[in-house]
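Residues per chain, in single letters:
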Amino acid sequence: MEAYIITGASKGIGLALSEQLNEKGHQVYGIARSFPEDWPGRKSFEFDLLETSKIPGLIQEIFGFISRDIESLTLINNAGTISPIGFAGNNKADELSGSITLNLTAPMAVSGAFISQAGGFAAEKRIVNISSGAGRNAYEGWSAYCAGKAGLEHFSSCLEKEYKDIKTISIAPGIIDTDMQGEIRKSSEKDFPMIENFKAYKEQGMLSTPEQTAEKLIRLFERDDFRDLETIADIRDYN
């Protein structure tokens, strides 16, 4: 049996991963601000990741439920936000702070607490950071999101060097039909000049579903050579 801790577990990729991993018989622990009544995992934790000072206590609480005889222990940092969308000179300071906190600071804090708590487990340990092509390419109107994801990529590379016993991977999952995509399509061309491209992705059926993406990610986790994969990766290179 394997154990998974998933942030942003109540919708999108996080929910799809929770459902599919639970169906495989694994222990799934979800973190989100709220959950549907029929959320499929073993235990859910309602928590606002913007409250970073409380993250170590949350992870310690979660570890109290994890069986000691598990074969592998995986953290999936999935929670994130596209906001604020707009050119740098128009973005508000408090919105920038919230974006960087959720996209970068929180995953760093969750990872640090996970590493600390996982030390007493003999299981294989993995940290999976859900990144984005925006962490590797600059987009007009996405300076906050791009910066946060670029930081997450570099943080992942640092973890890979610091902790040889933990496999860390930062994976870009492709373009997925989630609430985030809906938020992008509601923005203005003034704030995001590429908006027509993203509307076309939806209209032309070019978006993957969260369920399809979760299936691809799980196949990646199940690879015999998972520990040998590049730290900075794209799901489209493996499926």
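A brief look at the structure comes next.

Here we come to the nonpolar core. If you look at the biggest cluster of nonpolar residues, it comprises 32 residues, and the most contacted ones within it are Ile5, Leu49, Ile62, Phe63, Ile66, Leu73 and Phe114. Counting only elements with at least two residues in this core, the list comes to strand E1 (2-7), strand E2 (27-32), helix H2 (55-63), strand E4 (72-77), helix H3 (93-118) and helix H4 (143-162). Top element by residues in this core is H3. It accounts for eight residues. Counting 26 residues, the second largest nonpolar core, distinct from the first, contains Ala16, Trp39, Ile171 and Leu217.

Before going further, it helps to spend a moment on the packing of helix H5 (residues 179-186) against helix H6 (residues 195-203). For any two helices packed against each other, the geometry is given by the interaxial angle and the distance between the axes. Viewed as axis vectors pointing N to C, H5 and H6 meet at an angle of 135°, and their least axial separation amounts to 9 Å. Considering their axes alone, H5 and H6 lie oblique with respect to each other. In the packing of H5 onto H6, the handedness of the crossing is left-handed. On the side of H5, the interface is formed by Gln181, Ile184 and Arg185, while H6 contributes Ile195, Phe198, Lys199 and Lys202. For the contact of H5 with H6, the per-class residue count stands at three nonpolar, one polar and three charged.

This part is about the sheet that holds strand E5 (residues 124-130). The strands making up a sheet associate through hydrogen bonds between their backbones, and the pairing can be parallel or antiparallel. Pairing is parallel across the open sheet formed by seven strands, whose spatial order is E3-E2-E1-E4-E5-E6-E7. Each having just a single partner strand, strand E3 (43-46) and strand E7 (232-234) make up the two edges of the open sheet. Going from strand to strand, the sheet's axes swing by 20° on average, the running direction of each strand aside. Here E1 runs beside E2; their pairing, made up of five bridges, is parallel. Bridge pairing in E2 places Thr7 opposite Ile31. In the packing of H3 onto the sheet, the strands contacted are E1, E4, E5 and strand E6 (166-172), and the crossing angle to E4 comes to about 170°.

This next bit is on H6. Those residues of H6 lying buried are Ile195, Phe198, Ala200 and Tyr201. In the core, the buried residues of H6 are packed alongside H5. In the segment just after H6, Gly205 is the residue with positive phi, at about 65°.

Moving on, we get to the environment of Arg227. You can see Arg227 is positioned in the loop between helix H7 (210-221) and E7. Linking Arg227 and Ile169, residues 58 residues apart in sequence, is a C-alpha distance of 8.9 Å. Those residues in contact with Arg227 that lie beyond four places of it in its chain are Glu124, Lys125, Lys164, Asp165, Ile166 and Lys167. In this structure the side chain of Arg227 is engaged in a polar contact, spanning 3.0 Å, whose partner is the backbone oxygen of Lys164.

Another aspect to go through is the side chain of Thr231. Mapping Thr231 onto the fold places it in the loop between H7 and E7. Judged by its relative accessible area of 14%, Thr231 is buried. In this view, Thr231 contacts Ser156, Ser157, Glu160, Lys167, Thr168, Ile169 and Ser170; residues no more than four positions away in its chain are not counted.

What the rule picks out here adds up to eleven salt bridges. Close ionic contact of Asp179 with Lys11 constitutes a salt bridge, the shortest N to O distance being 3.8 Å. On the criterion of sequence distance, the pair formed by Asp179 in helix H5 and Lys11 in the loop between E1 and helix H1 (12-23) is long-range, its members being 168 residues apart.

To continue, consider unusual backbone geometry. Here the bond from Ser83 into Pro84 is cis, since omega is 0°, no more than 30 degrees from zero. Its place among the elements puts Pro84 in the loop between E4 and H3.

One pair of aromatic rings is described through two measures. These are the centre distance and the angle between the planes. Tallied over the full model, the rule gives twelve aromatic pairs. On the basis of an interplanar angle of 70° and a centroid distance of 5.5 Å, the ring pair of Phe63 and Phe121 is categorised as edge-to-face. Taken together, the residues Phe63 in helix H2 and Phe121 in the loop between H3 and E5 connect sequence positions 58 residues apart. The burial state of Phe63 is the same as that of Phe121; both residues are buried. Over the aromatic face of Phe226 sits the side chain of Arg126, whose NZ or CZ is 5.2 Å from the ring centroid.

Criteria and thresholds
- Residues numbered from 1 in each chain as written.
- Predicted model: local features only at pLDDT ≥ 70, side-chain atom pairs only at ≥ 80, totals over all residues.
- Heavy atoms only, no water.
- Core = buried A, V, L, I, M, F, W, Y, C linked by side-chain atoms within 4.5 Å.
- Buried < 20%, exposed > 50% of the residue type's maximum accessible area, 1.4 Å probe, protein only.
- Helix = DSSP H or I, 4+ residues; strand = E, 2+ residues; numbered from the N terminus.
- Axes fitted to C-alpha atoms, helices over the stretch in contact; angles between N-to-C directions.
- Parallel < 35°, antiparallel > 145°, perpendicular 65-115°, else oblique.
- Left-handed = near helix turned anticlockwise from the far one by under 90°.
- Contact = heavy atoms within 4.5 Å.
- Nonpolar A, V, L, I, M, F, W, Y, C, P; charged D, E, K, R; others polar.
- Pairing = 2+ DSSP bridges.
- Polar contact = N/O pair within 3.5 Å; in protein donor to acceptor, adjacent residues only side chain to side chain.
- Salt bridge = Lys/Arg side-chain N within 4 Å of Asp/Glu carboxyl O.
- Phe/Tyr/Trp six-rings, centres within 6.5 Å; stacked < 30°, edge-to-face > 60°.
- Lys NZ or Arg CZ within 6 Å of the ring centre and 35° of its normal.

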